[in-house]
Amino acid sequence: MAWDTEAAAQRAQQAYRYVGRTLPRGADYSPLDAHTDAYEAERAGDWPTYVEALRELMRAAKRQARRAA
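Reading guide: rules and limits
Residues numbered from 1 in each chain as written. Predicted model: local features only at pLDDT ≥ 70, side-chain atom pairs only at ≥ 80, totals over all residues. Heavy atoms only, no water. Phe/Tyr/Trp six-rings, centres within 6.5 Å; stacked < 30°, edge-to-face > 60°. Helix = DSSP H or I, 4+ residues; strand = E, 2+ residues; numbered from the N terminus. Buried < 20%, exposed > 50% of the residue type's maximum accessible area, 1.4 Å probe, protein only.

A. Geometry of the packing of aromatic side chains. Evaluation of the coordinates by the stated rule reveals three aromatic pairs. Seen from their ring centres, W3 and W47 are 5.4 Å apart, and the 65° between their planes marks the pair as edge-to-face. A residue pair is termed long-range when its members are at least 10 positions apart, and W3 in the segment before α1 (5-22) and W47 in helix α3 (residues 47-68) qualify at 44 residues. Take W3: its relative accessible area is 26%, and that puts it in the partly exposed class. Note on W3 and Y50: the rings are 5.2 Å apart at their centroids and 80° apart in plane angle, and the pair reads as edge-to-face. Taken as a pair, W3 in the segment before α1 and Y50 in helix α3 lie far apart in primary sequence, 47 residues in all. The exposure class of Y50 is buried, given its relative accessible area of 3%. Among the aromatic residues, those joined into a ring-pair cluster are W3, W47 and Y50.

The analysis is restricted to geometry; functional conclusions fall outside its scope.
This is the structure:
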């Protein structure tokens, strides 16, 4: 399967927009640093892992927002 650059960019944009809306300004973003699997999956051309990594990034942002609240 060929890597769909446009779809990948759209998924990433949605995920990072969610992170930006979920975490308040000034929040500690460092717990998200461990979620680099999307980058690795993109390099490998592994679409299912890429999508799941972005989902995990969003879940981590949600957990961090709950801790900050």
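Moving on from the coordinates now.
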